[in-house]
2 protein chains.
Amino acid sequence: MTDESTILAANAAFYAAFSMGDVEAMACLWADDDAISCIHPGWPAFVGRIGVVGSWRDILENARSPAITCHEPHAIITGDEGRVLSIEMIGPLALAASNHFKRVGGMWRLVHHQASPIAKAEIHASSDPFRPAGQIH
Amino acid sequence: MTDESTILAANAAFYAAFSMGDVEAMACLWADDDAISCIHPGWPAFVGRIGVVGSWRDILENARSPAITCHEPHAIITGDEGRVLSIEMIGPLALAASNHFKRVGGMWRLVHHQASPIAKAEIHASSDPFRPAGQIH
């Protein structure tokens, strides 16, 4: 298996745990130290095992959590560090997501996750300070 | 100087280049390869030197770009990899930001940037799928 296929498999495992509400699987996917962080949509950062895993427990145990799917995953790997960029769909919402991994004992473990709403329909020339052109996705 | 002080200095240089509209300084802060990526608020990912640096050129050369300031920077470092989490203020908008660095030749170079709007005032129990508690910031 290539580095790309193994990191994409780890990324798929993240979305499987997310969509199935599997708190224990989610906890195991994250690196087992406090150098982890997570920024959920609309929220400031969580840092460390207790904060990050606790935030996922709160989300996954919420019966109202909608279905999530991952689209267009794109892996970028440098040695034992890597990240997967993708588009998350949560119900009708689209988010630009990044999952950052480090390889520990041959396993890709999450060290950072961040998802940002993509709200093109809400962007207006008069209010949007960011109007770059030519994005990849 | 400690690793923390040097990565925080690199992070400060990023916001200095941003606030001064210094395209060349911004370009130099990013790692000099295509394993870089950037997710601006509301936009899908840019990947690679041309895409990422081009997106910053578009933003920084936009005379309408508002002032930006960085608050509560928090560094997480593991060897030659590190990230700085902070709150960005762009005009009245607050964003949760992460700047991801790798150390190359003794210099911290950016490999990923992502900023996500923090919109607590817009979050309602009926529509927000994410309601974690206990975030750090």
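Residues numbered from 1 in each chain as written. Chains lettered and ligands numbered in written order. Predicted model: local features only at pLDDT ≥ 70, side-chain atom pairs only at ≥ 80, totals over all residues. Heavy atoms only, no water.

### Re unusual backbone geometry
For Glu72 of chain A, which is not glycine, the phi torsion reads 55° and is therefore positive. Mapped onto the secondary structure, Glu72 of chain A falls in strand 3 (residues 68-78). (Helix = DSSP H or I, 4+ residues; strand = E, 2+ residues; numbered from the N terminus.)

### Focus on the sheet that holds strand 6 (residues 107-117) of chain A
All names here are of chain A. Within the open sheet, the six strands sit side by side as 2-1-6-5-4-3. Their pairing is mixed. Either end of the sheet is taken by a strand with one partner, and the two such strands are strand 2 (46-47) and strand 3. One ladder, built from nine bridges, connects strand 3 with strand 4 (residues 81-90); its direction is antiparallel. Bridge pairing in strand 4 places Thr78 opposite Glu81. (Pairing = 2+ DSSP bridges.)

### Observations concerning the packing of aromatic side chains
Residues and elements named next belong to chain A. Inspection of every chain in the model, using the stated rule, returns eight aromatic pairs over all chains. With centroids separated by 4.7 Å and ring planes inclined at 85°, the aromatic side chains of Phe14 and Tyr15 adopt a geometry described as edge-to-face. With relative accessibility at 6%, the residue Tyr15 sits in the buried group. Considering the side-chain rings of Phe14 and Trp56, the 5.4 Å spacing of their centres and the 90° angle between planes classify their relative orientation as edge-to-face. Here the residue Phe14 occupies a position in helix 1 (residues 3-20), and Trp56 occupies one in helix 3 (residues 48-60), the gap between them amounting to 42 residues. (Phe/Tyr/Trp six-rings, centres within 6.5 Å; stacked < 30°, edge-to-face > 60°. Buried < 20%, exposed > 50% of the residue type's maximum accessible area, 1.4 Å probe, protein only.)

### Description of helix 1 of chain A
All names here are of chain A. In this model, helix 1 (18 residues) spans 26 Å end to end at C-alpha, consistent with the 26 Å of a helix rising 1.5 Å per residue. Among the residues making up helix 1, those that are buried are Ile7, Ala10, Asn11, Phe14, Tyr15, Ala17 and Phe18. Seen along its axis, helix 1 keeps its buried residues to an arc of 160°; they face one direction. Where helix 1 is buried, its residues touch helix 2 (23-29), helix 3, strand 3, strand 4, strand 5 (93-104) and strand 6. Where helix 1 ends, the next residue or the one after it, Gly21, has phi of about 65°, a positive value. (Expected span 1.5 Å × (residues − 1). Arc of directions from axis to C-beta. Contact = heavy atoms within 4.5 Å.)

### Here's the deal with the pattern of salt bridges
Tallied over the full model, the rule gives twelve salt bridges over all chains. For Arg103 of chain A, the salt bridge is made with Asp3 of chain A, and the minimal N-O distance between the two is 2.8 Å. In this pair, Arg103 of chain A sits in strand 5 while Asp3 of chain A sits in helix 1, placing the two residues 100 residues apart along the sequence. For Arg103 of chain A, a relative accessible area of 23% puts it in the partly exposed group. Owing to a relative accessible area of 34%, Asp3 of chain A belongs among the partly exposed residues under this scheme. Ionic pairing is found between Arg103 of chain B and Asp80 of chain B, a salt bridge with its closest N-O pair at 3.0 Å. You can see Arg103 of chain B sitting in strand 5 (residues 93-104) and its partner Asp80 of chain B sitting in the loop between strand 3 (68-78) and strand 4 (81-90), a full 23 residues away along the chain. (Salt bridge = Lys/Arg side-chain N within 4 Å of Asp/Glu carboxyl O.)

### Examining the packing of helix 1 of chain A against helix 3 of chain A
Residues and elements named next belong to chain A. Viewed as axis vectors pointing N to C, helix 1 and helix 3 meet at an angle of 50°, and their least axial separation amounts to 9 Å. Regarding the angle of helix 1 to helix 3, the classification is oblique. Residues Phe14, Ala17 and Phe18 of helix 1 lie in contact with helix 3, whose contacting residues are Trp56, Ile59 and Leu60. In terms of residue class, the contact of helix 1 with helix 3 is made up of six nonpolar, no polar and no charged. (Axes fitted to C-alpha atoms, helices over the stretch in contact; angles between N-to-C directions. Parallel < 35°, antiparallel > 145°, perpendicular 65-115°, else oblique. Nonpolar A, V, L, I, M, F, W, Y, C, P; charged D, E, K, R; others polar.)

### Structural notes on the sheet that holds strand 5 of chain B
Neighbouring strands of a sheet are bound in pairs by backbone hydrogen bonds; such pairs are parallel or else antiparallel. Residues and elements named next belong to chain B. Strand order in this open sheet of six strands is 2-1-6-5-4-3, and the pairing throughout is mixed. The sheet is open, and its two borders are formed by strand 2 (46-47) and strand 3, each paired with just one other strand. In the packing of helix 1 (residues 3-20) onto the sheet, contacts are made with strand 3, strand 4, strand 5 and strand 6 (107-117), and the angle to strand 3 comes to roughly 150°.

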